[in-house]
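A structural walkthrough
As a plain string of letters, each chain reads:
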Amino acid sequence: MPRFHHILFPVDFSAQCRTVCPLVEAMVQQFHSKLTLMHVIQVPPGWYGGIDCGYPVVLDMPAMEASAKQELGSFFERSPVTPDRIVELGDAAFEITDFAEQNQVDLIMMPTHGHGKFRSLLLGSVTAKVLHDAKCFVWTAAHTEDPEVARHRECKSMMGAIDLTPASAVLIRHYAELARDFSAKLRLVHAVPGASSDIPYGQDRDFQAFLLQAARQEAAKLQSEAGTNFDVCMEAGLVSDVVRAAAEHHDADLVLIGRNTLQARLGQLRTNAYAILRNAPCPVLSV
């Protein structure tokens, strides 16, 4: 079963990181996990010099490291959780994924960061790189400014997003294991964009009904192969919209997606995973 023995919490001292601390603490207590806090001091390109460096860059790295260690100490200082705290120097995404691989990290927990007026279009480059490169589970939360995010601390309801590729049978089994670990209610969700009334042939109700019925039959076959019988929320529309609506309707505490499909050649989750992450009303765990 997917137990999280070692959790890595990258900390950049932002308000988003402080907001998700209660959720990190809850996850650690749920699985009796080891917790490591990591802060990465991002090295500017000019630090290394070279022909493109027009002026010397002078950084007091020992002082920066000491300051970062002191600030890390303020995280979980009044918590029963006792984390390890480390400070690294380099590229944040690389250091996070490299540490996770070298230290048997099972789960990385990090809020997403967008910037400026285009925030809704961005996950933040560090989060996107970690999602792409990490070999372990990755937990993200996009809407940490919402005070309601803390109520997802106790995970009672999960929404597992699936496409209808053969790989989804394995994915459903992973979702089922996670639901058992959390003692949570699990529902599956699948979107059928081709049946949306927003596109010309989706306005044909007979054709729309045919597409939805075919999708239901295929989802049933996948569940039969996975040995499960979860309720499936299936609607016509854009994937991220359908997943968000289902999560809101069923008051989900966690949305599950298959991150391996980000690199796959086929599958709707591949092209919609980032949109799901951005729009989900609750945290997202990528498997």
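None of the values given here were measured: they were computed from a predicted structure.

**Focus on the confidence of the model for the protein chain**
Residues of the protein chain with pLDDT of at least 70 account for 80%, and the chain-wide mean is 83. Helix H9 (residues 268-279) is the least confidently modelled element of the protein chain, averaging 73 in pLDDT, while strand E1 (residues 6-10) averages 97, the highest of any element.

**Here's the deal with helix H2 (residues 21-31)**
Taking burial as the measure, the 11 residues of H2 include 8 buried ones, the bulk of the element. Taken as a whole, H2 has its buried residues at Cys-21, Leu-23, Val-24, Glu-25, Ala-26, Met-27, Val-28 and Phe-31. Lining the buried residues of H2 we find E1, helix H1 (15-19), strand E2 (34-42), strand E4 (107-111), strand E5 (137-141) and helix H6 (168-182). A positive backbone phi angle near 55 degrees is found at His-32, which sits one or two residues after H2.

**Concerning the environment of Glu-248**
Considering the arrangement of structural elements, one finds Glu-248 in helix H8 (residues 239-249). In this structure, the C-alpha to C-alpha distance between Glu-248 and Met-159, residues 89 residues apart in sequence, is 9.8 Å.

**Notes on the sheet that holds strand E10 (residues 284-286)**
Sheet architecture is open: 10 strands sit in the order E3-E2-E1-E4-E5-E10-E9-E6-E7-E8, paired in mixed fashion. Single-partner strands in this sheet number two, and they are strand E3 (84-90) and strand E8 (232-236). Direction aside, the axes of adjacent strands within the sheet are offset by 25 degrees on average. Across 3 bridges, the pairing between strand E9 (residues 254-257) and E10 is parallel. Bridging across to E10, Leu-256 finds its partner in Leu-285. Across the face of the sheet, H8 comes into contact with strand E6 (157-161), strand E7 (185-192), E8 and E9 while running at roughly 150 degrees to E7.

**Quick notes on the pattern of salt bridges**
Under the definition given, this model contains 8 salt bridges. Linking Asp-84 and Lys-34 is a salt bridge whose minimum nitrogen-to-oxygen distance equals 3.6 Å. Note that Asp-84 is positioned in strand E3 and Lys-34 in strand E2, a separation of 50 residues in sequence. Across the salt bridge formed by Lys-185 and Asp-231, the nearest N and O atoms sit 3.9 Å from each other. Linking Lys-185 in strand E7 with Asp-231 in the loop between helix H7 (205-226) and E8, this pair joins segments that are 46 residues apart in sequence.

What counts and how
Residues numbered from 1 in each chain as written. Predicted model: local features only at pLDDT ≥ 70, side-chain atom pairs only at ≥ 80, totals over all residues. Heavy atoms only, no water. pLDDT = per-residue confidence, 0-100. Helix = DSSP H or I, 4+ residues; strand = E, 2+ residues; numbered from the N terminus. Buried < 20%, exposed > 50% of the residue type's maximum accessible area, 1.4 Å probe, protein only. Contact = heavy atoms within 4.5 Å. Pairing = 2+ DSSP bridges. Axes fitted to C-alpha atoms, helices over the stretch in contact; angles between N-to-C directions. Salt bridge = Lys/Arg side-chain N within 4 Å of Asp/Glu carboxyl O.

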